[in-house]
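Residues per chain are reported as follows:
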Amino acid sequence: MKIQNPMSIYEKLNILSDAAKYDVACTSSGTKRKGDGSGMGNCTQCGICHSFSADSRCISLLKILFTNECIFDCKYCVNRRSNDVVRTSFTPDEVCTLTMEFYRRNYIEGLFLSSGILISPDYTMELICATLYKLRKECNFQGYIHVKAIPGASQELIQKAGFLADRMSVNLELPTAEGLKLLAPHKSRKNILAPMRLIQEGRNENSRELSLYRQAPRFVPAGQSTQMIIGATLESDYQIMKVTESLYKKFELKRVFYSAFVHVNEDKALPARTDDGPPLLREHRLYQADWLLRYYHFQADELLSEEEPNFNVLFDPKCNWALKHLEYFPVEINRADYEMLLRVPGLGYKSATRIVKARRLGTLDFADLKKLGVVLKRAVYFITCNGKTMYPLRIEEESIARNLLDSREKLPQEVRNLGYRQLSLFDDVRFRENFYEKDLCV
């Protein structure tokens, strides 16, 4: 519905920050750029998103939509064209004012800017580019900016935004083209993948330029990411992981984000509403498996198959793989190579690295592993030191599974409680001490 009276910037902020809360693809890291002293802000290599809410969403960026008006009618989206909601849009000046004032008050360290489609993809992308240009060139803002590329926008506008932003992302929306056709018939997989390819090629070309000219402008230095909604369509975990693996290999993405489907609309094409809430445990398992693909040298076909297409609800993906492949275990800590150590449940890549370095100085036993900070709660069932287990064990799936269940797997609080609460910029926030991704290291 159209509004008659002009809104204040605070009213717009209330509406457009709330409308942006369903987009989870906002973790920011991977770029380092010092301020040159003439502007405000900087980027650090370790990432600027250190604060997480109770539902583990990053909140240290000012996360807003440029507009919640949209020409599309995606069945799962709260901002779809047919919904009767209050519509509004920022101007480039308003986004710059909000970003600079929030930054000066130390509320944020950067900007995450997404948008509905106002009039056309090109028209919307032009407004976003104008906003980024004003922030960078007129306001001298040198902090982190993550912006959404609008599928269907021209190549020139995507490239222009890429030289002004640190990270760009294009939402895949749904795992398969069939799901997209069912729930978002106005969108096409081709239009979504085209800007992904453009960003990838632009980054590769920019890398060659920087190798020759150190002062060349940087194009999307923190890389690109994407997001897909989980549970709105019938894809199995196996299909989702195969799509994820393909995206990492073909488009060199930094991250794929998974958003548990939330019922915000009533539509016969959507799953029936239940009292169970969003499939948060499934989302958690996908993140754990995603971590294995990126850092632990696993393949999607090793974790799942067409015969077993979904993750075990009782065990994390790496532990479940180990239980199904006991022929590789127990692993001798003093002889196993680094890649095999990574496959031991309970050993992360830091622990594996410490083990490889420490055993150069002598033979390790279980006491040494504890001194190195290795957590043995799960690993103890899959390793030996000098050919001996820590205590007598039966290397059998049923026996190990029973012991692991008795020790109770540690899940994120929101998964344990199976509750759900959307993040708002105006909420009181409970900050977490530990970075969420540590929970995903299995």
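Anyway, here's the lowdown on the structure attached to this text. (Residues numbered from 1 in each chain as written. Predicted model: local features only at pLDDT ≥ 70, side-chain atom pairs only at ≥ 80, totals over all residues. Heavy atoms only, no water.)

Looking at a nonpolar patch on the surface
Reasoning step 1: Where nonpolar side chains cluster on the molecular surface, the patch consists of V313, L314 and L405 and spans about 260 Å² of accessible area.
Reasoning step 2: In this fold, V313 is placed in the loop between α9 (300-303) and α10 (317-324). (Patch = residues over 30% accessible without salt bridge, like charges linked within 9 Å, V, L, I, M, F, W, Y side chains within 5 Å. Areas by Shrake-Rupley, 256 points an atom, 1.4 Å probe, with all protein chains shown as cover. Salt bridge = Lys/Arg side-chain N within 4 Å of Asp/Glu carboxyl O. Helix = DSSP H or I, 4+ residues; strand = E, 2+ residues; numbered from the N terminus.)

Comments concerning the packing of aromatic side chains
Remark: the centre distance and the inter-plane angle together describe each pair of aromatic rings, the angle taken between the planes.
Reasoning step 1: In this structure the tally under the stated criterion is 11 aromatic pairs.
Reasoning step 2: For the ring pair Y103 and F141, a centre distance of 5.6 Å and an interplane angle of 85° mean the geometry is edge-to-face. Taken together, the residues span a long stretch of sequence, with Y103 in helix α2 (residues 92-104) and F141 in the loop between α3 (121-138) and β3 (144-148) at a distance of 38 residues.
Reasoning step 3: An aromatic cluster of three or more residues is present, and its members are F298, W321, Y328, F329 and F382.
Reasoning step 4: Over the ring of F112 we find K63; its NZ or CZ atom is 5.9 Å from the centre of that ring. (Phe/Tyr/Trp six-rings, centres within 6.5 Å; stacked < 30°, edge-to-face > 60°. Lys NZ or Arg CZ within 6 Å of the ring centre and 35° of its normal.)

A closer look at the pairing of β3
Taken residue by residue, a regular strand's side chains alternate between the two faces of the sheet.
Reasoning step 1: Taken across its five residues, β3 has five buried, putting it largely inside the fold.
Reasoning step 2: Covered by surrounding structure in β3 are Y144, H146 and K148 together with I145 and V147, the residues of both alternating faces.
Reasoning step 3: Summarising the sheet, strand β2 (residues 110-114) and β3 pair through four bridges and their orientation is parallel. Within β3, the residue paired with L113 across the bridge is V147. (Buried < 20%, exposed > 50% of the residue type's maximum accessible area, 1.4 Å probe, protein only. Pairing = 2+ DSSP bridges.)

Focus on the nonpolar core
Reasoning step 1: In terms of nonpolar packing, the biggest core is built from 113 residues, with M168, L369 and F382 touching the most fellow members.
Reasoning step 2: Setting aside chain neighbours within four positions, we find M168 in contact with M125, H146, V147, A149, I158, A161, G162, I199, V220, G223, Q224 and S225. (Core = buried A, V, L, I, M, F, W, Y, C linked by side-chain atoms within 4.5 Å. Contact = heavy atoms within 4.5 Å.)

Overview of the pairing of strand β1 (residues 61-65)
Reasoning step 1: By the criterion of burial, β1 is predominantly enclosed, with five of the five residues buried.
Reasoning step 2: Side chains L61, K63 and L65 project from β1 onto one buried face, and the interleaved L62 and I64 project onto a second face that is buried too.
Reasoning step 3: Direction of pairing for β1 relative to β2: parallel, over a ladder of five bridges. Within the sheet, the bridge partner assigned to I64 lies in β2 and is L113.

A few points about the packing of helix α4 (residues 155-162) against helix α6 (residues 189-212)
Reasoning step 1: It is the contact of α4 with α6, at a shortest axis distance of 10 Å, that shows an interaxial angle of 50°. For the element pair α4 / α6, the angle class is oblique. You can see that α4 and α6 cross each other, and the crossing is right-handed. Contacts between α4 and α6 pair Q155, I158 and Q159 from the former with P195, L198 and I199 from the latter.
Reasoning step 2: Along the lines of polarity and charge, the residues of the contact of α4 with α6 split into four nonpolar, two polar and no charged. (Axes fitted to C-alpha atoms, helices over the stretch in contact; angles between N-to-C directions. Parallel < 35°, antiparallel > 145°, perpendicular 65-115°, else oblique. Left-handed = near helix turned anticlockwise from the far one by under 90°. Nonpolar A, V, L, I, M, F, W, Y, C, P; charged D, E, K, R; others polar.)

Regarding the packing of α2 against α3
Reasoning step 1: In contact at an axis separation of 9 Å, α2 and α3 are set at 45° when each is read in the N-to-C sense. Considering the angle they form, α2 stands oblique to α3. Once α2 is placed against α3, the crossing between them reads as right-handed. Residues P92, D93, V95, C96, T99 and M100 of α2 touch α3, and the partners they reach there are L127, A130, T131, K134 and L135.
Reasoning step 2: Taken together, the residues that form the contact of α2 with α3 break down as seven nonpolar, two polar and two charged.

Concerning the sheet that holds β1
Reasoning step 1: Across the sheet, which stays open at both edges, the six strands sit in the order β1-β2-β3-β4-β5-β6 with parallel pairing between neighbours. Lying at the two open borders of the sheet, with one neighbouring strand each, are β1 and β6 (255-260). For this sheet, the mean angle separating the axes of adjacent strands, direction not counted, is 20°.
Reasoning step 2: In this sheet, strand β4 (residues 167-169) lies alongside β3 in parallel orientation, the contact comprising three bridges.

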